[in-house]
Amino acid sequence: MFNSSGTAYASGKTLPTRFVLWFNGNGIPEKYWIPRETGSGFEITPCLSPLAPFRNDIHLITGLDSPAARVPQPGNSHYPSMSALVSGQPFTGRGAGGRSIDQVIARKIGEETRFRSLQVGVSQESFGESIQRNLSWADRDRPLPPEMLPHQLFDRLFGVNEPAWVNRRKSILDSVQQEARALKSSLGTDDQSRLDEYLGSVRELEKSIASLPPEYRTVVERPEEGGDLRDWPRIAKLQSDLLVHALASGQTRVASYMLTKCQGLSRFPWLGHTAQRHHEYTHGQVETPRGMRILRDICRWHVEEFAYLVGRLKATPEGAGSLLDSTCLLMVHEHAEANAHKNNNLAVILAGHASSMKTGLHTRTTGTLGDLYLTLAEEVAGARVGSFPTAGRKLGEVV
């Protein structure tokens, strides 16, 4: 922002880098997800079509290996895959074998913000084991549960002081009207408009959360047999909006975002697919053309929600550019090909332009997830972590 004389309030300050680990469960259908071409001329596949407007803001990386997922461990194959994905360590039988990559980074760059990190969730499936329900881990067997209720995430970010605000009978903005007027009078014309837009966006978000049905204030322990009646796309966008506010206002530099659970059991009424749950669709029917098309639709919705977050970051002004210019988004899954539970040829998506990240590309590599994480931590996020499990080198293809 600039004052009324045209002098930047933050003159000389470097914009901070943000890191977001973004997850959806059950892997992908490689046929509809991974482009055949590498380099800048790759074709947008059916699953990736929501990212077409952002092809110059993303980097598809395929061929990654997750060796820790193949260490013999208890539980089904999702458990070791999830532990290896987030920590590079074998599953302990209870949880992740070590600190997750977002927490490794947060311990290095998160100390100067209000929240060292935020854990955001969407899919209210609290079934199963801790390793299935948590993306962030403070350390071995120490989960950091995601906040899945927009009401509670809003109150955490903007404060809880009066019952009227908590119950949405008044606006949280009522408490800052005087300060907002004083700030506005000291700003230039353009930044007066920016302030109005910011406060207006907070109010619109507040009203959207207030309009949610009362049952959205509680967590579902398990989807009903008749189908999932929760409007998860609506919740996903609210949670993404809240995360963008947290990043833009400097409340945190690190976050994890869990769209669906590991081995998720959600149904998809908004896609017209309710005969089975997601995990069931990845097996059995996936061998048929119709089953593959259903899995394609499901995974395209996952990418659609990721693209929404990318778009919101790109639409948020910061400095001479946008919030996306100083953010590294990483989209991951616990498996590669869902039906086979593959732990090699893993596919991820990087989005953003923090620290000269390469974008507009599809790259096949022979590196590990640890190689990627070490590269992102040290070369992109600016977190001097020294090492990461399964990392043997940094990936020059990324920066």
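Our structure's up above, just so we're on the same page.
*Asks:* Explain the overall build of the protein here, please?
*Replies:* Helix and strand counts for the protein stand at 12 helices and 11 strands. Relative to a compact globule of 399 residues, whose C-alpha radius of gyration would be 21 Å, the protein shows 21 Å and is just as compact. Across its three principal directions, the C-alpha atoms of the protein cover 65 × 50 × 40 Å. Taking all 399 residues of the protein together, 56% fall into the buried category. Working note: accessible area of the protein is about 16000 Å², and carbon and sulfur atoms make up 48% of it. Mean positive and mean negative side-chain charge positions of the protein (45 and 43 charges, respectively) differ by 1 Å.

*Asks:* I keep staring at the pairing of strand β10 (residues 346–351) and nothing clicks. Help me out?
*Replies:* Two faces belong to every sheet, and in a regular strand the side chains alternate between them. In terms of burial, β10 is largely enclosed, as six of its six residues are buried. Of the two faces of β10, the one holding L346, V348 and L350 and the one holding A347, I349 and A351 are both buried throughout. Across five bridges, strand β2 (residues 58–64) lies against β10 in antiparallel orientation. Considered in β10, the bridge of H59 is made with L350.

*Asks:* What is the right way to look at the nonpolar core in this model?
*Replies:* As a rule of thumb, nonpolar side chains are buried together in soluble globular proteins. Formed by 60 residues in total, the largest nonpolar core has its most connected members in W33, L51, Y257, F306, L313, L329 and I349. Considering every element that reaches this core, the biggest residue donor is helix α11 (residues 289–314), with 12 residues. Not counting residues up to four positions away in its chain, the partners in contact with L329 are V20, F306, L309, V310, L313, I349, L350 and A351. One finds F91, A106, V348 and V380 within the second-largest nonpolar core, a separate group that totals 44 residues.

*Asks:* What is the right way to read the sheet that holds strand β11 (residues 361–364) from this model?
*Replies:* The strands making up a sheet are joined through hydrogen bonds of the backbone, oriented either antiparallel or parallel. On the basis of which strands lie adjacent, the open sheet formed by seven strands has the order β3-β6-β1-β9-β10-β2-β11 and mixed pairing. Edge positions in the sheet fall to β3 (118–121) and β11, since each of these pairs with one other strand and no more. Direction aside, the axes of adjacent strands within the sheet are offset by 15° on average. Pairing between strand β9 (residues 327–332) and β10: three bridges, direction antiparallel. Residue pairing across strands places L329 opposite A351, the latter belonging to β10. The sheet strands contacting helix α12 (residues 369–380) are β1 (18–23), β2, β9 and β10, and the helix crosses β9 at an angle near 165°.

*Asks:* Looking at this structure, I do not really get unusual backbone geometry. What am I missing?
*Replies:* With the exception of glycine, the majority of residues adopt a negative phi angle, and the majority of peptide bonds are in the trans configuration. Of note, the phi angle at H341 is positive, near 55°, even though the residue is not glycine. Of note, H341 is situated in the loop between β9 and β10. Phi is positive for N345, which is not a glycine, with a value near 55°. Mapped onto the fold, N345 is located in the loop between β9 and β10. For N345, a relative accessible area of 24% puts it in the partly exposed group.

*Asks:* What should I look at first to understand the packing of helix α8 (residues 189–210) against helix α9 (residues 232–248) in this one?
*Replies:* A pair of packed helices is captured by two measures, namely the crossing angle of their axes and the spacing between those axes. Running from N to C, α8 and α9 point in directions that differ by 150°, and their axes come no closer than 11 Å. By the angle between their axes, α8 is roughly antiparallel relative to α9. The two elements α8 and α9 meet at a crossing, and its hand is left-handed. Taken together, the residues of α9 that come into contact with α8 (itself represented by Y198, S201, V202, L205, S208 and I209) are R234, L238, D241, L242 and H245.

*Asks:* Explain the pairing of β1 to me, please; I cannot follow it from the model alone.
*Replies:* Extensive coverage of β1 is indicated by the burial of six of its six residues. On β1, burial covers both faces: R18, V20 and W22 on one face and F19, L21 and F23 on the other are all buried. Pairing of β1 with β9, which is carried by six bridges, proceeds in the parallel orientation. Across the sheet, residue F19 finds its bridge partner in β9, namely C328. Strand direction decides the pairing type here: β1 and strand β6 (residues 254–258), joined by five bridges, are parallel. The partner of W22 across the bridge, within β6, is Y257.

Parameters and conventions
Residues numbered from 1 in each chain as written. Predicted model: local features only at pLDDT ≥ 70, side-chain atom pairs only at ≥ 80, totals over all residues. Heavy atoms only, no water. Helix = DSSP H or I, 4+ residues; strand = E, 2+ residues; numbered from the N terminus. Rg over C-alpha atoms; globule rule 2.2 N^0.38 Å. Buried < 20%, exposed > 50% of the residue type's maximum accessible area, 1.4 Å probe, protein only. Areas by Shrake-Rupley, 256 points an atom, 1.4 Å probe, with all protein chains shown as cover. Lys, Arg positive; Asp, Glu negative; His and termini not counted. Charge placed at Lys NZ, Arg CZ, Asp CG, Glu CD. Pairing = 2+ DSSP bridges. Core = buried A, V, L, I, M, F, W, Y, C linked by side-chain atoms within 4.5 Å. Contact = heavy atoms within 4.5 Å. Axes fitted to C-alpha atoms, helices over the stretch in contact; angles between N-to-C directions. Parallel < 35°, antiparallel > 145°, perpendicular 65-115°, else oblique. Left-handed = near helix turned anticlockwise from the far one by under 90°.

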